[in-house]
Every structure is written in C-alpha cells, then in structure tokens.
Amino acid sequence: QVQLVESGGGLVQAGGSLRLSCAASGRTFSTYVMGWFRQAPGKEREFVVALRWSGGKTYYADSVKGRFTISRDSAKDTVYLQMNSLKPEDTAVYYCAAATAYGSAYGTPNEYNYWGQGTQVTVSS
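Each value, and the rule that gives it
- Residues numbered from 1 in each chain as written.
- Predicted model: local features only at pLDDT ≥ 70, side-chain atom pairs only at ≥ 80, totals over all residues.
- Heavy atoms only, no water.
- Disulfide = S-S within 2.5 Å.
- Helix = DSSP H or I, 4+ residues; strand = E, 2+ residues; numbered from the N terminus.
- Buried < 20%, exposed > 50% of the residue type's maximum accessible area, 1.4 Å probe, protein only.
- Core = buried A, V, L, I, M, F, W, Y, C linked by side-chain atoms within 4.5 Å.
- Contact = heavy atoms within 4.5 Å.
- Phe/Tyr/Trp six-rings, centres within 6.5 Å; stacked < 30°, edge-to-face > 60°.

Turning next to the state of the cysteines. Under the counting rule described, the total for this entry stands at one disulfide. The disulfide that involves Cys 22 links it to Cys 96, with 2.0 Å between the sulfurs. Because the sign of the S-S torsion sets the handedness, a value of about -75° for the bond joining Cys 22 and Cys 96 places this disulfide among the left-handed ones. On the criterion of sequence distance, the pair formed by Cys 22 in strand β3 (residues 18-26) and Cys 96 in strand β9 (residues 92-99) is long-range, its members being 74 residues apart. Pair check on accessibility: Cys 22 and Cys 96 agree, each one buried.

In structure tokens, the structure reads:
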C-alpha cells in the first residue's frame, strides 16, 4: 500500500504561481511512476505531468510545458509540482497518483493504483 497526501492548493490570480506537494508513505519503494492529474467541473480527469521514480524521466502534457515543473525529494518521498504563469483554465482539483506496475502508461489514469485526496487550485482572471 502507498498513501499519498497532497497540499499546497489555493486561490491565485492569473499569472501567479503555486507549488503543490505530494507526500508518499508506505511501500514507496514499489513506485514505478508518480503523476499529477487534474479534473475540472464537468470534465474528465486529465494528465498533467509524470515522473518515473527510477531515473527521474519526466513527461508533460502540452498544455503545461514550460509553465509547470515536477520534482522530487527522494529523502522525504515527496513530489512537488511547481506551477508558474497560471491561467484560469488551470483551475481544477489536482490529484497526485502512483503507479506500481512496471511499464505503466504514465498518461492514463487507469494505470495508477494509488491516489491522493486532491487539492483545489483556482486561478482567477
């Protein structure tokens, strides 16, 4: 089992920044990839960014490239999502997720077997 707890959401004006954190606990050594997804009201959950736990390779959705950055602190088993130049369309509940199966498709929510509770990000225009 892996437990994930997100923090850092809030309200920010367009052009501003936020940093989300995802603290992992439990069998974190079994993690293959960590991802961030988001879901806006009335929309499907969409992929934002992922980080392969071994090796650190990252993958970004086109909509956030150049604005968002994923990083990790291995000693703390924590993943961060730095979000800059935020836009109103970034408004959503952001979820941290972990996939433990080797070769999991990083962009597909169904590939992830552990999820955090979500944190709200609201960007005002």
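Read on, since the account is not over.
Where a protein is soluble and globular, its nonpolar side chains tend to be buried together. Leu 4, Trp 36, Leu 81, Met 83 and Tyr 94 are the most contacted members of the largest nonpolar core, which totals 37 residues. Secondary-structure elements contributing two or more residues to this core are β1 (2-7), β3, β4 (33-39), β5 (46-52), β7 (68-73), β8 (78-83), β9 and β11 (119-124). Setting aside its immediate chain neighbours within four residues, Leu 4 contacts Cys 22, Ala 23, Ala 24, Met 34, Cys 96, Ala 97, Ala 98, Tyr 114, Trp 115, Gly 116 and Gln 117.

This next bit is on the packing of aromatic side chains. What describes a pair of aromatic rings is the distance from one ring centre to the other and the angle between the planes of the rings. Applying the stated rule across the entire model yields eight aromatic pairs. Ring centres of Tyr 32 and Tyr 102 lie 5.2 Å apart, and the angle between their planes is 65°; this geometry places the pair in the edge-to-face category. Of this pair, Tyr 32 sits in the loop between β3 and β4 while Tyr 102 sits in the loop between β9 and β10 (114-115), placing them 70 residues apart in sequence. Since its relative accessible area comes to 77%, Tyr 102 is described here as exposed. An aromatic cluster of three or more residues is present, and its members are Phe 37, Phe 47, Tyr 59, Tyr 95, Tyr 106, Tyr 112 and Trp 115.

The next thing to look at is the environment of Val 121. Here Val 121 is to be found in strand β11. With sequence-adjacent residues up to four places away left out, Val 121 is seen in contact with Gly 9, Gly 10, Leu 18, Leu 20, Met 83, Asp 90, Thr 91, Ala 92 and Tyr 94.

Any link to function would need more than the numbers given here.
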